[in-house]
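Below are the chains, spelled out letter by letter.
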Amino acid sequence: MPKPPAFGCTACGASFARWAGRCTACGAMNTIAELTKAEARLAAGSGDARPRAAALVREPFASSSAAPAPRLSTGIGELDRVLGGGLVPGGVVLITGEPGIGKSTLLGQAALGAAQQTGALGAALPSGALGAERQAGSVLYATAEESLEQVRARMRRLGAAADARVELAASGDAAALAAALAGTRLAVIDSVQLLALDGVDGEPGGVAQVKACAHALAQAAKATGTALVLVGHVTKDGGVAGPRLLEHLVDVVLSFEGDRYGDLRILRALKNRSGSTQELGLFRMGGSGLEEVPDAGGLFLADRDPDVPGTCVCPVLDAGRCLLVEVQALVNPTTSPQPQRRVAGLDPNRVAMVLAVLTRRLGLPLGQADVFVNVTGGVRVQEPAADLALALAIASSLRGIAVPSDLVAFGEVGLGGELRPAARYDARAAEARRLGFQKLLAPGGGQGRGRLVATRIDAAVEMAF
Ligand code: TYD
Ligand code: MG
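Here's a quick rundown of the structure. No experiment lies behind these values; they were computed from the predicted model shown. (Residues numbered from 1 in each chain as written. Chains lettered and ligands numbered in written order. Predicted model: local features only at pLDDT ≥ 70, side-chain atom pairs only at ≥ 80, totals over all residues. Heavy atoms only, no water.)

1. Points about the overall build of the protein
Phase 1: Helix and strand content of the protein: eleven helices and 21 strands.
Phase 2: Burial analysis of the protein (465 residues in total) assigns 47% to the buried set.
Phase 3: Long-range contacts, defined here as pairs at least 24 residues apart, represent 67% of the contacts in the protein between residues at least 6 apart. (Helix = DSSP H or I, 4+ residues; strand = E, 2+ residues; numbered from the N terminus. Buried < 20%, exposed > 50% of the residue type's maximum accessible area, 1.4 Å probe, protein only. Contact = heavy atoms within 4.5 Å.)

In structure tokens form, the structure reads like this:
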């Protein structure tokens, strides 16, 4: 008989016989905590309170004649797009993010937007039409964190009309909330970490409660055809059960990020059973809620001074979306035996590699220089396609000559000084062109107006200047 698990990870729910500093299942640090008896039983697979199905209902593949219910728009284009075209009736969305990032704001706006749509639909149907009420449904915004007055005040700030057709509730009782889903077209529940279900052991926010509440609500949403949106906080200390615990229970996981970018917020789909994870939504937090930023291509170039040496613009791809970012380098000669390397926004290993290639292949005296590298706007670039722009920014800073202001560059730099094409050349080229850049320096891509093709780093540096 194996020893029953006595410890669990509050981030991912994995269970362990012994305590450890790092969870071997999800890699999180300091998230393993002792389980209560009930949690241990749950983790061991017994003590599950769910009733067993009496008999399996099997259906032939071809039996369903009903068309799938249409999606529900939130009235927020960027959110609808990341969802894959709006909310799916009966689907469960989990939106995660750090406290204060704007989850309640986004969902308050989504609830107001959806209520406007359902309101219109309800009005369009003749009164007493079969199922009219159900189809029109209500929109519920339930909070377990705030008072109703706080939610009302936020919604007013978001521009809610006095007669907005949103219903509000303040409750942390998961059973009551699950029961309230009948006849509800959209329910927002903020947040899952403050819910509790009677009969389940542990505090709200604990692994057992979070799992049980989310499960009960997801079942109810499937049964009633309600689009359900759950809020899940991500906290750095791992004190409350993390949203990763719920990933398999929900259809869509959205992550709302952004403090690094000031007022900019990025919405990503980490998982999407009813759409793509290659979509990115951009918002700005303003005085009356989140404003959409549908045209983000040149967002990070706003304050650029193209005449300063040491910068180069690069079209990067993030979740399928092309953004033009400015890679900056400052190279300062030093006599210190250990020159400084400071990197923000790029992978320090790639920066070290590009420096080594420039030293070796172009003979640049970078070994006797401090090098500072930055990507403006706080953007973090993951792809090696930024290598070439970085190399040009470094060469530009060292020579004191600015890269031409209408040039963008991209491509991966190899150790031998060779350049490798980056994915989706045409998408990058089109975006650069759209934003007024005339010259495109990159390997691959072939001939074309303004296209400078270089296959080696030394040739690229000569072409750029
Ligand atoms: P909130 O949605 O409460 O964050 P979360 O639910 O993720 O914890 O938003 C928090 C911040 O957003 C808060 O600091 C105030 C700011 N904010 C605005 O700047 N403009 C607005 O219109 C609103 C409603 C909030
Ligand atoms: Mg909130």
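What follows continues from the structure just given.
2. Structural notes on unusual backbone geometry
Phase 1: Here the residue pair Asp-190 and Ser-191 is connected by a cis peptide bond, since its omega of 0 degrees sits within 30 degrees of zero.
Phase 2: Tracing the backbone through its elements, the reader meets Ser-191 in the loop between strand S7 (184–190) and helix H7 (207–224).
Phase 3: Although it is not a glycine, Asn-30 adopts a positive phi angle of roughly 55 degrees.
Phase 4: Along the chain, the position of Asn-30 falls in the loop between strand S2 (15–16) and strand S3 (32–34).

3. Some words on the site of ligand 1
Phase 1: Around ligand 1, the surrounding shell holds 15 residues, and the nearest of these are Gly-100, Ser-104, Thr-105, Gly-286 and Gly-289.
Phase 2: Within the side chain of Thr-105, an N or O atom sits 2.6 Å from an oxygen atom of ligand 1.
Phase 3: Separating an oxygen atom of ligand 1 from a backbone N or O atom of Gly-289 is a distance of 2.6 Å.
Phase 4: Burial of ligand 1 by the surrounding chains reaches 74%, relative to a free accessible area of 560 Å².
Phase 5: Among the secondary structure elements, those contributing two or more residues to the shell around ligand 1 are helix H3 (103–124), helix H5 (148–157) and strand S11 (280–286).
Phase 6: For the shell around ligand 1, the leading source of residues is H3, giving three residues.
Phase 7: Here the residues of the shell around ligand 1 are counted per class, giving three nonpolar, eight polar and four charged. (Near = heavy atom within 4 Å. Polar contact = N/O pair within 3.5 Å; in protein donor to acceptor, adjacent residues only side chain to side chain. Areas by Shrake-Rupley, 256 points an atom, 1.4 Å probe, with all protein chains shown as cover. Nonpolar A, V, L, I, M, F, W, Y, C, P; charged D, E, K, R; others polar.)

4. Section: the sheet that holds strand S1 (residues 7–9)
Phase 1: Reading across the sheet, the three strands line up as S2-S1-S3 and stay open at both edges, with antiparallel pairing between neighbours. Only two strands of the sheet have a single neighbouring strand rather than two, namely S2 and S3.
Phase 2: Summarising the sheet, S1 and S2 pair through two bridges and their orientation is antiparallel. Along S2, the bridge assignment pairs Phe-7 with Phe-16. (Pairing = 2+ DSSP bridges.)

5. As for the nonpolar core
Phase 1: Counting 65 residues, the largest nonpolar core has Leu-346, Leu-392, Ile-394, Leu-441 and Ile-457 as the members making the most contacts within it.
Phase 2: A per-element tally of this core places helix H9 (residues 387–399) first, with eight residues.
Phase 3: For this core, the two domains that each supply at least three residues are domain 2 (77–292) and domain 3 (299–464).
Phase 4: In this structure Ile-457 touches Val-357, Leu-358, Arg-361, Leu-362, Leu-388, Ala-391, Val-413, Gly-417 and Leu-419, once residues within four positions along its chain are discounted.
Phase 5: Val-82, Val-229, Val-231 and Leu-290 belong to the second-largest nonpolar core, a separate cluster that totals 34 residues. (Core = buried A, V, L, I, M, F, W, Y, C linked by side-chain atoms within 4.5 Å. Domains from an automatic or database assignment.)

6. Regarding the packing of helix H8 (residues 348–362) against helix H11 (residues 457–464)
Phase 1: Viewed as axis vectors pointing N to C, H8 and H11 meet at an angle of 85 degrees, and their least axial separation amounts to 10 Å. The angle between H8 and H11 falls in the class roughly perpendicular. The segment H8 lies against H11, with Val-357, Leu-358, Arg-361 and Leu-362 engaging Ile-457, Asp-458 and Val-461.
Phase 2: Split into classes, the residues belonging to the contact of H8 with H11 amount to five nonpolar, no polar and two charged. (Axes fitted to C-alpha atoms, helices over the stretch in contact; angles between N-to-C directions. Parallel < 35°, antiparallel > 145°, perpendicular 65-115°, else oblique.)

7. Some points on H8
Phase 1: The end-to-end C-alpha distance of H8, which contains 15 residues, comes to 20 Å, matching closely the 21 Å that a straight helix rising 1.5 Å per residue would cover.
Phase 2: Regarding H8, the residues found buried are Val-351, Met-353, Val-354, Leu-355, Val-357 and Leu-358.
Phase 3: With a side-chain oxygen lying 3.0 Å from the backbone nitrogen of Asn-349, the N-terminal cap of H8 falls on Asp-347.
Phase 4: Within two residues after H8, Gly-363 carries a phi angle of roughly 65 degrees, on the positive side. (Expected span 1.5 Å × (residues − 1).)

8. With respect to the environment of Leu-230
Phase 1: With respect to the helices and strands, Leu-230 occurs in strand S8 (residues 227–233).
Phase 2: Of the residues examined, Leu-230 reaches a relative accessible area of 0% and is grouped as buried.
Phase 3: Separated by 88 residues in sequence, Leu-230 and Ala-142 have C-alpha atoms that sit 9.9 Å apart.
Phase 4: Not counting residues up to four positions away in its chain, the partners in contact with Leu-230 are Val-92, Val-93, Leu-94, Ile-95, Ile-189, Ala-214 and Leu-217.

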